[in-house]
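Structure assessment
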Amino acid sequence: MSTVEHPPPVVAPEPNVEGAARRRSPALSNPAGVIVAAALACSPLAFGYYDRTAWAPLGLGAAVLLVMLAFGSKRRLNTMAMTAAIGMVVLVALSFASILWAESRESAWTSANQLAVYALVFAIGLIAIRTRTTAWSTMMMLGAPALVSAVVLAAQFIVGGGAGAFMDGRLSAPIGYANGTAALLLMGSWPWIGLAERVRSRWWHAAAVSAASLTASVAILTQTRAVLLAAVASIALTMLLNPGRNLRGTNLLIVLAAVAASAHWTLRVYAATGPTHLSSPNAVTLRGAGLALLGVGVAAFLTAALAERALARHLRARLVARRHRLGVTALALCLLALTAGGLVERGAILAQWHDFTSLNDENSANNRFLVLGGGPRHDLWRIALDEFAGDPLGGVGAGNYADQEFRRRHGLEHVTTPHSLELQLLAELGVGGAIGLLLLVAPVLIAGFTRSSRRRPGADTALTTAALGMFTAWLAGTSVDWLYDIPGLTGMAMLAAAVLLATAAPFPESSPAPPPGFLRSRAALGLALGTVALLAASLGRQYAAALYSDWGMSLMHRRPLSALQTLRTAEQLDPWSMQTQYTVAAAYARLNDYPAARAALRRAEQLEPENFVPPALLGDIAVRAGFKRVALLEYQRALRLDPLDRSLRGAVSPGSQ
């Protein structure tokens, strides 16, 4: 006969202290972290809050919330949390300081403000996440948008819709960028994997595994290679650093099997768009993918339920007794498979490396995952290293990678970021940026390190799995992409990091009394609040300037004189904005005031002497005014700043005169 109606998961018996801590865990004591998580969960509705008009208000709200938390908080940060906070402070301080030497002060200011938003979100997480209930509520809120997106997309495919969610044959919705959508789905699958470890009900366990399987399977539709690296890194770290590997390994095998089972239909979507991948997938192919996604979700649910029941009854004691042997065997098999695969495919690997370093175009007619070479990343990384070598101490300034990219690039594609967070900080902030990033990231990863022989009292390994998986998926993804510049995704990673740092110490049964010392002194509180106020003022001023600039642009075609009045306010708020100067010049051009338009572009040129756009626009308005000789000289100056621009080459060619 059956022992119990709902047997526990297949793991070694948890220490009693953890079970007692779970039963005594207080309720949601501070909702601030959950509120921020809810705001971030809505980011897919606004393309990941990529636009400044989206993330600036989020930062202002976070600043207000942080001030409210600072007055009522009784939280004392542990050593790892304090170290990570110092790393974040270093990055923010260097970013704002780099305005002094950056070529584009506007870009440096924008990048510093964006980093300030991440710092505010991170600080809220460190202060507000004080109980296990709060931590779990935060993580599940962060996992919700991935699951909702996956369910909605699968449903759209089944009913014959969803073609508009693809760009160049790759799933880009809801973030609007394929790699960003892949990161959302992969990051969002980890809270469900963690939940599957935690719940005691077999059916809830199966439902959580099914949710993770569905989101991971939908991620294949993005056809992004960065998701492969992120998946491997997050799986490896969660398996190596965190105990409870038996159940986690079983769940991950089910998820991977679901992805493999649906791959025949999901990979077909990209191939169905043709050699150019410019057409939208047809309804028949999408319906097949949708049905496959639904099928693997159901299959994963049934498999997880049956596997958990069978293993719990018959193999539990045997698996626990042989855990070490199984882990060593699995690791040896993985290493053997990688070595054998490398030897067998040595020729293909060398060809891929050649494509990568020589910037050869991709040839991925059926499956982008099979073509790892090509693309501009080698060129982008080379430029970042060259910029770092040119100024290793201060870098070129926050957000200023692109200012030298025009002259240094070998390929025709212009990209504003090096597609690597580590290289971006090296190029833009120099050695200090690398140190700040190390201080931030290292404590987070260390906080995810738990050895079963030295378990922390009250540690929740399932919660660590959810947070560590989400953070490492983001970190690996942004190491080869620009996820760092998508605030919705980076904000999620910052909250996951805060959860990890919160789990580095036992959750208290109740909030402790405020500790004595400098960290709780009025001077420290005043300094912290003053810093937050300055960050909010910086955010608010640039945000207001952007609103006035956008307003002036909207008035330019109908009422250019009114547009100029509005743009003067934008200039006063943000004197470094190139876009405002461009709009001012365009407004004067509509009034046929060539000298005033030229003066506005000259001011822009003084702001950023190495930027090719102002002389190119000077050439445009000169052509409009009939000064062809002046236009040629301006185009030639612009071409020297951007030698590979085809339109500028055409403008200076003899046949264009």
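Residues numbered from 1 in each chain as written. Predicted model: local features only at pLDDT ≥ 70, side-chain atom pairs only at ≥ 80, totals over all residues. Heavy atoms only, no water.

**With respect to the overall build of the chain**
Counting its regular elements, the chain contains 25 helices and two strands. Here the chain holds 657 residues, and the buried ones make up 52% of them. For the chain, contacts bridging at least 24 residues in sequence account for 76% of all contacts bridging at least 6. Summed over all atoms, the accessible surface of the chain reaches about 28,500 Å², with 66% contributed by carbon and sulfur. (Helix = DSSP H or I, 4+ residues; strand = E, 2+ residues; numbered from the N terminus. Buried < 20%, exposed > 50% of the residue type's maximum accessible area, 1.4 Å probe, protein only. Contact = heavy atoms within 4.5 Å. Areas by Shrake-Rupley, 256 points an atom, 1.4 Å probe, with all protein chains shown as cover.)

**A few points about the environment of Leu-644**
Here Leu-644 is to be found in the loop between α24 (628-641) and α25 (646-652). Each C-alpha atom, one on Leu-644 and one on Gly-411, is 8.1 Å from the other, the two residues being 233 residues apart in sequence.

**Some details on the environment of Ser-479**
Mapped onto the elements of the fold, Ser-479 is located in the loop between α17 (461-478) and α18 (487-502). Ser-479 sits in the buried class, given a relative accessible area of 19%. Each C-alpha atom, one on Ser-479 and one on Leu-423, is 8.2 Å from the other, the two residues being 56 residues apart in sequence. Excluding residues within four positions of it along the chain, Ser-479 makes contact with Trp-381, His-419, Ser-420, Leu-421 and Glu-422. A polar contact is formed between the side chain of Ser-479 and the side chain of Glu-422, at a distance of 2.7 Å. (Polar contact = N/O pair within 3.5 Å; in protein donor to acceptor, adjacent residues only side chain to side chain.)

**As for the packing of aromatic side chains**
Enumeration according to the criterion identifies nine aromatic pairs in this entry. Centre to centre, the rings of Tyr-118 and Tyr-484 are 5.6 Å apart; their planes meet at 75°, and the pair counts as edge-to-face. Taken together, the residues Tyr-118 in helix α5 (residues 105-128) and Tyr-484 in the loop between α17 and α18 connect sequence positions 366 residues apart. Each member of the pair, Tyr-118 as well as Tyr-484, is classed as buried. A centroid spacing of 5.8 Å and a plane angle of 40° characterise the contact between Phe-471 and Trp-474, whose relative ring orientation is tilted. With Phe-471 and Trp-474 both in helix α17 and three residues apart, the pair spans about one turn of that helix. Look at Trp-474 and you get buried, because its relative accessible area is 3%. (Phe/Tyr/Trp six-rings, centres within 6.5 Å; stacked < 30°, edge-to-face > 60°.)

**Quick look at the packing of helix α21 (residues 578-590) against helix α22 (residues 594-607)**
Look at α21 against α22: their axes get within 7 Å of each other, and the N-to-C directions meet at 165°. In terms of axis orientation, α21 runs roughly antiparallel to α22. Regarding α21 and α22, the two cross each other, and that crossing is left-handed. The residues of α22 that touch α21, namely those facing Met-578, Gln-581, Tyr-582, Val-584, Ala-585, Tyr-588 and Ala-589, are Ala-596, Ala-597, Ala-600, Leu-601, Arg-603, Ala-604 and Leu-607. Of the residues assigned to the contact of α21 with α22, the class counts are 12 nonpolar, one polar and one charged. (Axes fitted to C-alpha atoms, helices over the stretch in contact; angles between N-to-C directions. Parallel < 35°, antiparallel > 145°, perpendicular 65-115°, else oblique. Left-handed = near helix turned anticlockwise from the far one by under 90°. Nonpolar A, V, L, I, M, F, W, Y, C, P; charged D, E, K, R; others polar.)

**Thoughts on the side chain of Thr-285**
Of note, Thr-285 is situated in helix α11 (residues 283-321). Overall, Thr-285 belongs to the buried group, its relative accessible area being 13%. Residues contacting Thr-285, with those up to four places away along its chain left out, are Arg-268, Val-269 and Ala-272.

**A word on the pattern of salt bridges**
Applying the stated criterion across every chain, the model contains 12 salt bridges. A salt bridge links Asp-460 to Arg-198, with the shortest nitrogen-to-oxygen separation between them at 2.9 Å. Within this pair, whereas Asp-460 is found in the loop between α16 (421-447) and α17, its partner Arg-198 is found in helix α7 (residues 178-198), the two being separated by 262 residues in sequence. Residue class for Arg-198 comes out partly exposed when judged on its relative accessible area of 23%. Residue Asp-386 is joined to Arg-382 by a salt bridge in which the shortest nitrogen-to-oxygen separation is 3.1 Å. With Asp-386 and Arg-382 both in helix α14 (residues 377-390) and four residues apart, this pair spans about one turn of that helix. When its relative accessible area of 28% is taken as the criterion, Asp-386 is described as partly exposed. Within the structure, one salt-bridge network assembled from shared partners comprises Arg-598, Arg-602, Glu-605, Glu-634 and Arg-637. (Salt bridge = Lys/Arg side-chain N within 4 Å of Asp/Glu carboxyl O.)

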